[in-house]
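Chain residues, written in single-letter form:
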Amino acid sequence: MDMNKRLKGLRITHNLTQEDMAKKLMITRQAISRWENGETEPNLETLKLISKTFNVSINTLLGSPRALICQVCGMPLEEDEYIGKDKSGHFNEDFCKWCFVGGTHQYDEDNFDELIDVCVKNILQLNPEYQENQVRMMLKENLPKLKYWQRHRIPAE
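Residues numbered from 1 in each chain as written. Predicted model: local features only at pLDDT ≥ 70, side-chain atom pairs only at ≥ 80, totals over all residues. Heavy atoms only, no water.

Asker: Sorry if this is basic, but what is going on with the packing of helix α6 (residues 112–126) against helix α7 (residues 132–142) here?
Answerer: Packed helices, taken two at a time, are described by the angle between their axes plus the distance between the axes. At a minimum axis separation of 10 Å, α6 and α7 run at an interaxial angle of 130°. Judged on the interaxial angle alone, α7 and α6 are oblique. For the pair α6 and α7, the crossing hand works out as right-handed. Mapping the contact onto sequence places Asp-113, Ile-116, Asp-117, Cys-119, Val-120, Ile-123 and Leu-124 in α6 and Glu-132, Val-135, Arg-136, Met-138, Leu-139 and Lys-140 in α7. Per-class residue counts for the contact of α6 with α7 are eight nonpolar, no polar and five charged. (Axes fitted to C-alpha atoms, helices over the stretch in contact; angles between N-to-C directions. Helix = DSSP H or I, 4+ residues; strand = E, 2+ residues; numbered from the N terminus. Parallel < 35°, antiparallel > 145°, perpendicular 65-115°, else oblique. Left-handed = near helix turned anticlockwise from the far one by under 90°. Contact = heavy atoms within 4.5 Å. Nonpolar A, V, L, I, M, F, W, Y, C, P; charged D, E, K, R; others polar.)

Below is the structure:
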């Protein structure tokens, strides 16, 4: 789906007229009309405002051009409801809402093993056919490859 259709759908989902949406975003109704007709697209700052105002990620507004995964636990961020937010309420598309709460990371090198325990438990609940020791080994090998852990210098096993 093209951005113009996503923006129009967002407006309709929130039961807004073009005028109402323009007021929320502090822009002109004509700008909304041009977006919806595919004549123009919002700039990055406006995309950030739309994201925050309507609680939708920029990735979703752009049509999910990239697969997002939490850079702490490796969980796929397939739905906006799983994406963490910073202190100001903006989505942070690098982290899930469990690893990044209100702009604060919940895990660091001191509780890396605790994260492994939580992830093992969750993975086994979803996939009871997996073996715990295999899941644990896979996580200890792969989580340190994520950007967050590379900054913390967690060595891959």
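Now that the structure has been shown, we can carry on.
Asker: Mind showing me how you'd approach the environment of His-90 here?
Answerer: In this fold, His-90 is placed in the loop between β1 (83–85) and β2 (91–96). For the pair His-90 and Leu-49, spaced 41 residues apart in sequence, the C-alpha to C-alpha distance is 8.8 Å. Not counting chain neighbours up to four residues away, the residues in contact with His-90 comprise Lys-48, Lys-52, Gly-84 and Lys-85.

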